[in-house]
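What follows is the residue order along each chain.
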Number of protein chains: 2
Amino acid sequence: MKPIKIGLIGLGVVGAGTFNVLKRNQEEIRRRAGRGIEIAMVAVRNVERARGIVGTDCEVVNDPELVVNHPDIDIVVELIGGYDTAKNLVLKAINNGKHVVTANKALLALHGNEIFAAAQAKGVMVAFEAAVAGGIPIIKALREGLTANRIESVAGIINGTTNFILSEMRDKGLDFATVLKQAQELGYAEADPTFDIEGVDAAHKATIIAAIAFGIPVQFDKAHVEGISSLQAIDIRYAEQLGYRIKLLGITKRTVVDGVEGIELRVHPTLIPAKRLIANVEGAMNAVLVQADAVGATLYYGKGAGAEPTASSVIADLVDITRLATADPEYRVPHLAFQPNQMTNVAILPMSEITTSYYLRVYVKDQLGVMADLTRILADARISIDAVLQKEPGEGETRTDIIMLTHQTQEKNIDAAIGKIEALGAVVGKVVKIRLENLS
Amino acid sequence: MKPIKIGLIGLGVVGAGTFNVLKRNQEEIRRRAGRGIEIAMVAVRNVERARGIVGTDCEVVNDPELVVNHPDIDIVVELIGGYDTAKNLVLKAINNGKHVVTANKALLALHGNEIFAAAQAKGVMVAFEAAVAGGIPIIKALREGLTANRIESVAGIINGTTNFILSEMRDKGLDFATVLKQAQELGYAEADPTFDIEGVDAAHKATIIAAIAFGIPVQFDKAHVEGISSLQAIDIRYAEQLGYRIKLLGITKRTVVDGVEGIELRVHPTLIPAKRLIANVEGAMNAVLVQADAVGATLYYGKGAGAEPTASSVIADLVDITRLATADPEYRVPHLAFQPNQMTNVAILPMSEITTSYYLRVYVKDQLGVMADLTRILADARISIDAVLQKEPGEGETRTDIIMLTHQTQEKNIDAAIGKIEALGAVVGKVVKIRLENLS
């Protein structure tokens, strides 16, 4: 059977990785796919630079429209990132009856519903394993491997940059700004790191995960997005003394509030027990923990970024399409795991409605009587305290930190209590609040 | 579209779990699969007992031939285990044009080649996610998620019983026999635990993994099979002092011996660095670590046995078949990951040819001069020593243990050196040899 023809748009880190892996492992891949997978055309901004990577193996053009309109191309691989241009090209490719593979989580988290509907109408596939957790086949696991289950929650370390920074902060006791600078020098963080450190990238991925896990549309605008840039080294240290690690988690879970089902969708720094496997995922690695009713907990671990790990997922999608293109489009694997006419409208909850445990750090002028006031406020709010760490003031100081871990309560409840705590005369400044998940 | 009809053979732990999960999650599963999945007939030995589980939801029969010959049944699920009867039924089902789902690792490790060839000839699928690592979708990850890669090695904790026993031995300092008895009382080990504790079950699974990872036929007879029944508590303790855990691993890897490619396929107790994620997989949990050239290391963790975790994989296969049955049988996912005409004949190596590191414990009469003799023997064999642990003799004793960790060498090389060590006058009894993998 003749090779399947690929058009590649973008030849940056992931594009070049995809080209190189396809070339190096072409024999292995052909033996698996039953057909060769051949890059017929590459569209890039800088044709000269691209020639240096692909040599004379395929046509290099400047205009991506040539790829999406090429009559011989079966699958368009979009690896330019961003929103408008990418969306335009992907929709054109779909409209031309081409399958699409993309690593663009931002595009899918914002425009996935429109893109998947267009693909469904045309009977083509849009595959995106590379968009979430890089080389880890987590989309496949959720969408195909766990189909028997009612999925209860997913919690993932799905941004390598922030996990690297948090690992270094803990390991070396350094502050955020210092480690960020090192991460930039090492290439683990971008020159403009905003999307990573403010949790936006993780929230894009969590949004896609939520849709697949629960059969809801992608709704990035409903996600709670909180990064690590204001996290202080001292809280990492206190957490450790209490037996916890702080990780930036993308969390989505089913919950019931006042008898009504809802979905939590949130990205924020999170304390997790140090003995959990996922707490020991260090450096730029990713891991996703899934809780589901039949299988229980499963965890998927690997590299969440980088040229070849991401290429691994891009090419897995190419092989999947090659293997499955002939299946009835009405019944083959649905883009968001559930058949398009079987999606539900369960609402994503505002943060005030979510339920979790909390780490609170209160900076107080003197300890006498303060503890009684704090515990009284929490007791009045029916918030149980799980652990307290009360530090001695440093020599010559009268101020000190009181750290409390609470049992589960609703966010609006803890926020109201924090308001009262901050109004106490002995309390200095703002209370530090970090959410805590037991993941048991 | 009308529901897909299932015939279930066997209603033991996994069969009942499959029935229960299919029933409980039928709505969720139908929303994913696009069709209902309905158990039309169950074949069991004890019809009365089965009625108590399935009620009046489906026909219960005593004769499994009625299932494999039933004209309305699309997929036969074989959950009786064992070899001859299961093989006979599976081949009949295939011959009748039915897809098959099985959790029977023993059957596939021994007769997989024949079964897959029959299925290929008939254009039906034989799915077996539940046969390896229970609820973890590792077959899917290897066969579909990592298709871009040249897989280099797979190392897995793929038997929950032995991992439970080893965790307890380490945690509580107990010996093998004591913990085995407890495991039997808790239901973690069978009345006849031979298949688990002697490594046979893990070797069945490793055999299937090797075939999928490297595109070779299943060859259980070539696997090296070694269990944990002769493992001593003291070696677990010494390993821990050196920074290692002992796990029963199923290992398969590519290697090159004298310029010729070969495959290692072996199950045995293995020292692994305590800081590795997989070293911290405790109790009855399973985990599989895959090394591949593009993605690097990925790890898959979850429950490896039990009614509902295994049912999770059985049902995932049912959904897969429902989704993919219409795809061209020549190109949809091949049973053993590679197209049948693209399998290779790379030989599985005898143990004497494998290369790894070793933990050696030598019991010696007195230490003076012995260490010089030991290191001389190893140096002559060009085996480097990575670490030594030399224990003081107990009070009033003159005999003691010397523990050495070696760098990588071939097994025949270490065995020859051990022969020389055991011939030393100061050495008492046999040298304890446990293989060590760095998994880095």
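Quick caveat: nothing in here was measured; it's all calculated off a predicted structure.

Enquirer: Break down the overall build of chain A for me, citing the residues and quoting the values.
Expert: From N to C terminus, chain A includes 15 helices and 18 strands. A compact globule built from 440 residues should have a C-alpha radius of gyration of about 22 Å, and chain A, at 24 Å, falls within 12% of that. C-alpha atoms of chain A, sized along the principal axes, occupy 80 × 50 × 35 Å. Per-residue burial for chain A yields a buried fraction of 61% across its 440 residues.

Enquirer: Would you mind going over the nonpolar core in detail, with residue names and values included?
Expert: Counting residues in hydrophobic clusters, the biggest one holds 180 residues, and the most contacted among them are Ile138(A), Ile165(A), Ile138(B) and Ile165(B). Apart from the residues lying within four places of it in its own chain, the contact partners of Ile138(B) are Glu129(B), Val132(B), Ala133(B), Val288(B), Val290(B) and Tyr300(B).

Enquirer: Outline the relation of the copies chain A and chain B, supporting the account with residue identities and numerical values.
Expert: Taken as rigid bodies, chain A and chain B are interconverted by a rotation of 180° and an axial shift of 0.0 Å, the fit giving an RMSD of 0.0 Å. Each copy turns onto its partner about a two-fold axis. Minimal C-alpha separation from the rotation axis in chain A is found for Ala327(A), amounting to 1.8 Å. An overlap of 100% is found between the interface residues of chain A and their copies at the interface of chain B, pointing to a shared contact surface.

Enquirer: Give me the lowdown on the pattern of salt bridges, citing residues and values where you can.
Expert: Side-chain pairing between opposite charges can occur once the charged atoms of the two side chains come close. All names here are of chain A. This structure, assessed with the given rule, holds 69 salt bridges over all chains. A salt bridge links Glu308 to Arg24; the nearest nitrogen and oxygen atoms lie 2.9 Å apart. Of this pair, Glu308 sits in helix α13 (residues 307-324) while Arg24 is found in helix α1 (residues 13-24), placing the two residues 284 residues apart along the sequence. Look at Arg24 and you get partly exposed, because its relative accessible area is 42%.

Enquirer: For the side chain of His204(B), give the residues involved together with the corresponding values.
Expert: With respect to the helices and strands, His204(B) occurs in helix α11 (residues 200-214). Discounting chain neighbours no more than four positions away, the residues touching His204(B) are Tyr83(B), Lys105(B), Ala106(B), Ala109(B), Leu110(B), Phe195(B) and Phe220(B).

Enquirer: Can you tell me about the domain arrangement of chain A, naming the residues and giving the values?
Expert: Examined at the domain level, chain A breaks down into domain 1 (4-138 + 307-342), domain 2 (142-303) and domain 3 (354-436). Of note, the centres of domain 1 of chain A and domain 3 of chain A, computed from C-alpha atoms alone, are 50 Å apart.

Enquirer: Run through the sheet that holds strand β6 (residues 126-127) of chain A, naming residues and quoting values.
Expert: Neighbouring strands of a sheet are bound in pairs by backbone hydrogen bonds; such pairs are parallel or else antiparallel. Residue and element names in this part refer to chain A. Read from one edge to the other, the open sheet built from six strands follows the order β3-β2-β1-β4-β5-β6, with strand pairing classed as parallel. Edge positions in the sheet fall to β3 (59-61) and β6, since each of these pairs with one other strand and no more. Bridge analysis of strand β1 (residues 4-9) against strand β4 (residues 75-78) gives four bridges, and the strand direction is parallel. Each residue of the ladder has a partner; that of Leu8, found in β4, is Val77. Along the sheet, helix α3 (residues 47-54) makes contact with β2 (37-43) and β3, crossing β3 at roughly 160°.

Enquirer: Which residues make up the interface of chain A and chain B, and what are the values?
Expert: Taken residue by residue, the interface counts 68 residues in chain A and 68 residues in chain B. For the pairing of chain A and chain B, the buried interface totals around 5500 Å² over both sides, and the portion due to carbon and sulfur atoms is 54%. With a shortest N-O distance of 3.0 Å, Arg24(A) and Asp293(B) are connected by a salt bridge. Linking chain A with chain B are 30 residue pairs in polar contact (both at pLDDT 80 or more). Of all the secondary structure elements, the ones that give two or more residues to the side of chain A that touches chain B are α1, α2 (26-33), α7 (138-145), α11 (200-214), β12 (296-303) and α13 of chain A. Among the elements that line the side of chain A that touches chain B, the one with the most residues is α13(A), at 11 residues. Per-class residue counts for the side of chain A that touches chain B are 33 nonpolar, 17 polar and 18 charged. Sheet topology places β12(A) next to strand β12 (residues 296-303) of chain B; three bridges connect them, and they run antiparallel. Within β12(B), the position partnered with Tyr301(A) by the bridge is Leu299(B).

Enquirer: Kindly report on the pairing of β12(B), identifying the contributing residues and their values.
Expert: Two faces, one strand: in a regular strand the side chains alternate between the faces of the sheet. All names here are of chain B. Burial of β12 is extensive: seven of the eight residues sit out of reach of the surface. As paired elements, strand β11 (residues 285-292) and β12 share eight bridges and run antiparallel to each other. Paired with Val288 across the two strands is Tyr300, which belongs to β12. Where β11 folds back on β12, the antiparallel hairpin that results is connected by three residues.

Enquirer: Give me the packing of aromatic side chains: which residues, what numbers.
Expert: This structure, assessed with the given rule, holds five aromatic pairs over all chains. Look at Tyr300(A) and Tyr300(B): their rings are 6.4 Å apart centre to centre, the planes differ by 75°, and that puts the pair in the edge-to-face class. Placement of Tyr300(A) in strand β12 and of Tyr300(B) in strand β12 is noted, with the two residues assigned to different chains. For the pair Tyr300(A) and Tyr300(B), one class covers both residues: buried.

Enquirer: Break down the environment of Ile75(A) for me, with residues and values.
Expert: Residues and elements named next belong to chain A. The topology assignment puts Ile75 in strand β4. For Ile75, a relative accessible area of 0% translates into the label buried. Between the C-alpha atoms of Ile75 and Val60, which are 15 residues apart in sequence, the distance is 16 Å. Setting aside its immediate chain neighbours within four residues, Ile75 contacts Ile4, Lys5, Ile6, Gly7, His99, Val100, Val101, Leu318 and Ile321.

Enquirer: Give me the lowdown on the sheet that holds strand β1 (residues 4-9) of chain B, citing residues and values where you can.
Expert: Spatially, β3-β2-β1-β4-β5-β6 (chain B) is the arrangement adopted by the six strands of the open sheet, whose pairing is parallel. Among the strands making up the open sheet, the edge pair consists of β3 (59-61) and β6 (126-127) of chain B.

Enquirer: Can you tell me about the packing of α2(A) against α13(A), naming the residues and giving the values?
Expert: Residue and element names in this part refer to chain A. Where α2 contacts α13, the axes come no closer than 10 Å and their chain directions differ by 35°. Crossing angle aside, the handedness with which α2 passes α13 is right-handed. Contact residues: Ile29, Arg32 and Ala33 in α2; Ile315, Val319, Thr322 and Arg323 in α13.

Enquirer: Any chance you could break down the pairing of β1(A) for me, citing the residues and the numbers?
Expert: Residue and element names in this part refer to chain A. Burial analysis of β1 places five of its six residues in the buried class, which makes it a mostly covered element. Both β1 and β2 contribute to a ladder of six bridges, which runs parallel. Paired with Ile9 across the two strands is Ala43, which belongs to β2.

Enquirer: Before we move on, could you go through the packing of helix α6 (residues 105-122) of chain A against α11(A) and cite the residues and values that matter?
Expert: Residue and element names in this part refer to chain A. α11 packs onto α6 with a crossing angle of 50° between their chain directions and a minimal axis gap of 9 Å. Between α6 and α11, the angle is such that the two are oblique. Considering only the axes of α6 and α11, their crossing is left-handed. Here Lys105, Ala106, Leu108, Ala109 and Leu110 of α6 come into contact with α11, specifically with Asp201, His204, Lys205, Thr207 and Ile208.

Conventions adopted
Residues numbered from 1 in each chain as written. Chains lettered and ligands numbered in written order. Predicted model: local features only at pLDDT ≥ 70, side-chain atom pairs only at ≥ 80, totals over all residues. Heavy atoms only, no water. Helix = DSSP H or I, 4+ residues; strand = E, 2+ residues; numbered from the N terminus. Rg over C-alpha atoms; globule rule 2.2 N^0.38 Å. Buried < 20%, exposed > 50% of the residue type's maximum accessible area, 1.4 Å probe, protein only. Core = buried A, V, L, I, M, F, W, Y, C linked by side-chain atoms within 4.5 Å. Contact = heavy atoms within 4.5 Å. Least-squares fit on C-alpha atoms with pLDDT ≥ 70 in both. Salt bridge = Lys/Arg side-chain N within 4 Å of Asp/Glu carboxyl O. Domains from an automatic or database assignment. Pairing = 2+ DSSP bridges. Axes fitted to C-alpha atoms, helices over the stretch in contact; angles between N-to-C directions. Buried area = accessible area lost by both parts, 1.4 Å probe. Polar contact = N/O pair within 3.5 Å; in protein donor to acceptor, adjacent residues only side chain to side chain. Nonpolar A, V, L, I, M, F, W, Y, C, P; charged D, E, K, R; others polar. Phe/Tyr/Trp six-rings, centres within 6.5 Å; stacked < 30°, edge-to-face > 60°. Left-handed = near helix turned anticlockwise from the far one by under 90°. Parallel < 35°, antiparallel > 145°, perpendicular 65-115°, else oblique.

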